[in-house]
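# Residue-level structure breakdown
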Amino acid sequence: MGKNNVSLRGKNILGLESFSPEEISLVLETAQEMKNIIHRDIKKVPTLRGKSVVNLFYEPSTRTRTSFELAGKYLGADVINMTASTSSVVKGESLRDTLLTIEAMGVDAIIMRHKAEGAAEYATKVVEPVILNAGDGAHAHPTQGLLDLFTIMQYKKKFQGLKAVILGDVLHSRVARSDIWGMRKMGMEVHLAGPKTLMPRFLFEEPGIYIHDRIEEALENADVINCLRIQLERQKAGLFPSTREYARIFGLNDARLALAKKDVLVMHPGPMNKGLEISPYVAYGAHSAIQEQVQNGVAIRMALLILVLTGGKNIEANS
Amino acid sequence: MGKNNVSLRGKNILGLESFSPEEISLVLETAQEMKNIIHRDIKKVPTLRGKSVVNLFYEPSTRTRTSFELAGKYLGADVINMTASTSSVVKGESLRDTLLTIEAMGVDAIIMRHKAEGAAEYATKVVEPVILNAGDGAHAHPTQGLLDLFTIMQYKKKFQGLKAVILGDVLHSRVARSDIWGMRKMGMEVHLAGPKTLMPRFLFEEPGIYIHDRIEEALENADVINCLRIQLERQKAGLFPSTREYARIFGLNDARLALAKKDVLVMHPGPMNKGLEISPYVAYGAHSAIQEQVQNGVAIRMALLILVLTGGKNIEANS
Amino acid sequence: MGKNNVSLRGKNILGLESFSPEEISLVLETAQEMKNIIHRDIKKVPTLRGKSVVNLFYEPSTRTRTSFELAGKYLGADVINMTASTSSVVKGESLRDTLLTIEAMGVDAIIMRHKAEGAAEYATKVVEPVILNAGDGAHAHPTQGLLDLFTIMQYKKKFQGLKAVILGDVLHSRVARSDIWGMRKMGMEVHLAGPKTLMPRFLFEEPGIYIHDRIEEALENADVINCLRIQLERQKAGLFPSTREYARIFGLNDARLALAKKDVLVMHPGPMNKGLEISPYVAYGAHSAIQEQVQNGVAIRMALLILVLTGGKNIEANS
């Protein structure tokens, strides 16, 4: 590990735009070791014993919060949950003061989800513990981006030259942004498709990124499809006509899947609206890696916690 | 342990209807060992170290959730709480997808409470981790049934021929159902009494089960009384006239207790409405085993976790 | 440790009025050892392994609850959170029955916050596990009082003869009460200042306690200032005219701070309303020990848990 002298020790994980391909590779290699631990009968290594990690979630989440909590516990860390919904103090107190409080308690890493873009980066300016961004507004969700790359590597054994298609509400999606950054770094082509009202304009000029009006066009010869979750409130805001219309024109179903390569990989960040952005047949079908993504998410988060807190050496020796 | 080659390893704990008397005995014997651990100065054995358990609660609960959480922690397991009230994802996502997600995270057992009858059984069809039913609608609450049996054994040293009386809203009670299955398996006679509107009809024909209109009649010569909690919303639904009326006609008080055997045991699944279904004098009186039931609940849940996850051998050796 | 044969083993921590100066000194000395542990790379000692602690919070709290949770975990205890907001059972059940339930589960200590004065003391009459009061109405918040003393000792190296000023809503503040008791025990002079409507009358006659109408008068030559949080609901109740008016007349700003001694220490129990009771310049300025207080809070709570559960001997040897 740490080949080419790459180390992530002490690095804040804010977004994949600041990762080099070598750093991404280091995370993926470490995640593979972590995945082996998850498959053991005794899923416990003492690497992070005596380290404490806070899950600071200003937006509700089960999936990501639980994934980080398990990742920390599998590694022997103490994990504390602080969620805005159950905490009046967090609500009343400024973000700065909450962060200073957590730092003062002797915490080693803060995993943070916040509705404001840049919140995680702001945190790095206020406190010293390592910050892991678990989603900041529409900006970034780097652990999701990394677990998507890890899933692609697992099935495709390479990145270079692969055609990825991201379907749906790219405009508001931090998952899409992190995927695009990560996929481009690793040499993939990225195609975006969905309602025009949900496509980003800022990316039109970037090399290797293509925007399509019709998803059929985008899907042709795709190696990887990431189908984003549609937030139902977008419809109320008039960004697409009806859920039925959406499913008809943009939903990922068997017919559309047939346009892609025969060994195409289907991903979804979850939770799914089955029958809306994805049909149940595709969601649970032979091409779906959706459940594998969840397991890979735990492995990626274990890898990041180890790499930023210890540098990643001697994973099983620190008992 | 495991005498007569009985083993519960990998068994889903859905309801007591599928338990043999030998299996129940194995659980009770193991629970006795667990209770000894609770009484130690250092309440910790490493038997389930490296195992992870999720408390997936779709209905609010403190008592049962905490009991399982402590049971897991006393045994060295990692315990993760996922409750619908603090989790928007759980709400928006289908039960199937939530279960698949938990499975993918590498969890060994899922403890599940859900308002729908059969939810726990459904879960066993969807995922591989062992399912422990912590209450599914009005269907079953098997760990409560087992802790009630464990409490009876502690005080009575036998089951065969004992007369149990279950008082109150039997119709809507998963506790009553699990008690009835368990008590009948172990050779007890079961008498049910309460408002006619709250008595089940489906049990009229079963051998060994008797339904009474007047609770005085039911209480005569009782060895064990289980006084169920009255849900106040039943009154709004018109199932009984008023709480005052209920207490007067069906409440368990000293006068009624005197109709039972001199050494009668009083149980209640909690939380109690004191002054409604049970008087404070009875609740805290000499016959009450209500607090003991709580401790026995932790012991039963420890026993079940060990038995389903390890088979129960070498409880203290796996360090 | 335990010099002069002082021991807190088994002592309920209800309020500082019942502490002797020797007992306070023992807590502060132990907290210093604990603080060293927090600064280690591996923040974990196994002293409380096999002990279980419940955080029973009937009022919302992040800061104090998290501080106790980390304190317990750094010492190897199992910590269970039971908060009224996420628990319907706790709400429906009497305090007595909830306490009996927790006791029955084999818990060693109950950390309790409740809106009613005397709730923690009541708990000691109902159950045997040690009770640690984390705030009972306007009565007491002893761990805050102790962490304030610990912070003063850290910076001033003594208590005797120091002049402390407590600013703001003393009348409704459990922090103020615990500070006053603790500071007086240790030989400090206590000056109170704020709106007349928020000053306590019951203390007018006590020796060593002085009430001022103008905070400028109180601040003269102060060694220590504790600036209390203003609850905004007090204004609605008509106890002070407007937040702007409050800040102008009673807010702690640089100009007022200049009235105190040159090495004055500024404390605040948090969370702060910056710009109301304290200016941001003072809050983050050179005199502020506010973040240090948070860390000292974890150390004090570790010290108390160890002292009441083990007596405090052989802190690192019990593995």
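To be clear, the structure that these remarks concern was listed above.
Just so it is clear, the model here is predicted, and its values are computed rather than measured.

### A few points about the pattern of salt bridges
- Counted under the stated rule, the structure contains 47 salt bridges over all chains.
- Its salt-bridge partner being E216(C), residue R256(C) comes within 2.8 Å of it at the nearest N-O pair. Pair noted here: R256(C) is in helix α11 (residues 254–257) and E216(C) is in helix α8 (residues 215–219), with a separation of 40 residues, a long-range link.
- On the basis of relative accessibility, which here comes to 10%, the residue R256(C) falls in the buried class.
- Ionic contacts of the salt-bridge type, sharing partners, join the residues R65(A), E69(A) and K73(A) into one network.

### Structural notes on the interface of chain B and chain C
- Counting residues at the interface gives 26 residues for chain B and 27 residues for chain C.
- The largest share of the area that chain B buries against chain C comes from K44(B), T62(B) and Q291(B), three residues that together contribute 21% of it.
- Along the contact surface separating chain B from chain C lie 4 salt bridges.
- Linking K51(C) and D41(B) is a salt bridge whose minimum nitrogen-to-oxygen distance equals 2.9 Å.
- Put simply, the parts of the chain that give the side of chain B that touches chain C at least two residues each are α2 (63–74) and α13 (290–310) of chain B.
- Residue contributions to the side of chain B that touches chain C peak at 8 residues, all from α2(B).
- Class assignment of the residues belonging to the side of chain B that touches chain C gives a composition of 10 nonpolar, 8 polar and 8 charged.

### Topic: the sheet that holds strand β8 (residues 224–227) of chain C
All names here are of chain C.
- Across the sheet, 5 strands lie side by side as β7-β6-β5-β8-β9; this open sheet has parallel pairing. Edge positions in the sheet fall to β7 (209–212) and β9 (265–267), since each has one partner strand and no second. Going across the sheet, the axis of each strand differs from the next one's by a mean of 20°, ignoring polarity.
- Sheet topology note: the strand β5 (residues 163–167)/strand β6 (residues 189–193) ladder contains 5 bridges and is parallel. Bridge assignment links I166 to a residue of β6, and that residue is L192.
- Sitting on the sheet, helix α6 (residues 142–156) touches β8 and β9, and the angle it makes with β9 is about 160°.

### Considerations on unusual backbone geometry
- Omega for the peptide link from G270(A) to P271(A) comes to -15°, which places this bond in the cis form.
- Looking at where P271(A) falls in the secondary structure, it is placed in the loop between β9 (265–267) and α12 (280–283).
- Its identity is not glycine, yet K157(A) carries a phi of approximately 65°, on the positive side.
- Relative to the elements of secondary structure, K157(A) occurs in the loop between α6 (142–156) and β5 (163–167).
- Here K157(A) falls in the exposed class, since its relative accessible area comes to 63%.
- At N221(B), a position not held by glycine, the phi torsion is positive, near 65°.
- Residue placement: N221(B) occurs in the loop between α8 (215–219) and β8 (224–227).

### With respect to the environment of Q295(B)
All names here are of chain B.
- Residue position: Q295 is located in helix α13.
- The buried category is assigned to Q295, whose relative accessible area is 9%.
- Separated by 150 residues in sequence, Q295 and G145 have C-alpha atoms that sit 14 Å apart.
- A distance of 2.6 Å separates a polar atom in the side chain of Q295 from a polar atom in the side chain of H39.

### Brief notes about the side chain of R174(B)
Residues and elements named next belong to chain B.
- Tracing the sequence through the fold places R174 in helix α7 (residues 174–185).
- Among the polar contacts listed, one links the side chain of R174 to the side chain of E59, at a separation of 3.1 Å.
- Not counting residues within four places of it along the chain, the set of residues in contact with R174 comprises E59, R113, H114, G135, D136, G137, A138, H139, A140 and H141.

### Details of the packing of helix α4 (residues 95–104) of chain B against helix α5 (residues 119–126) of chain B
All names here are of chain B.
- Packing of α4 against α5 brings their axes to within 10 Å, and their N-to-C directions diverge by 55°. By the criterion of interaxial angle, the relationship of α4 to α5 is oblique. In the crossing of α4 with α5, the sense of the turn from one axis to the other is right-handed. Each of L95, R96, L99, L100 and E103 in α4 lies in contact with α5, whose residues at this interface are A119, Y122, A123 and V126.

### Some details on the sheet that holds strand β4 (residues 130–136) of chain C
All names here are of chain C.
- Taken in spatial order, the 4 strands line up as β2-β1-β3-β4 in an open sheet, and their pairing is parallel. Since the sheet does not close on itself, it has two edges, and those belong to β2 (78–83) and β4, each with one partner. Here the strands of the sheet are splayed against their neighbours by 15° on average, with no regard to which way each runs.
- As defined by bridge partners, strand β3 (residues 109–114) adjoins β4 across 5 bridges and the pair is classed as parallel.

Quick notes on the rules
- Residues numbered from 1 in each chain as written.
- Chains lettered and ligands numbered in written order.
- Predicted model: local features only at pLDDT ≥ 70, side-chain atom pairs only at ≥ 80, totals over all residues.
- Heavy atoms only, no water.
- Salt bridge = Lys/Arg side-chain N within 4 Å of Asp/Glu carboxyl O.
- Helix = DSSP H or I, 4+ residues; strand = E, 2+ residues; numbered from the N terminus.
- Buried < 20%, exposed > 50% of the residue type's maximum accessible area, 1.4 Å probe, protein only.
- Contact = heavy atoms within 4.5 Å.
- Buried area = accessible area lost by both parts, 1.4 Å probe.
- Nonpolar A, V, L, I, M, F, W, Y, C, P; charged D, E, K, R; others polar.
- Pairing = 2+ DSSP bridges.
- Axes fitted to C-alpha atoms, helices over the stretch in contact; angles between N-to-C directions.
- Polar contact = N/O pair within 3.5 Å; in protein donor to acceptor, adjacent residues only side chain to side chain.
- Parallel < 35°, antiparallel > 145°, perpendicular 65-115°, else oblique.
- Left-handed = near helix turned anticlockwise from the far one by under 90°.

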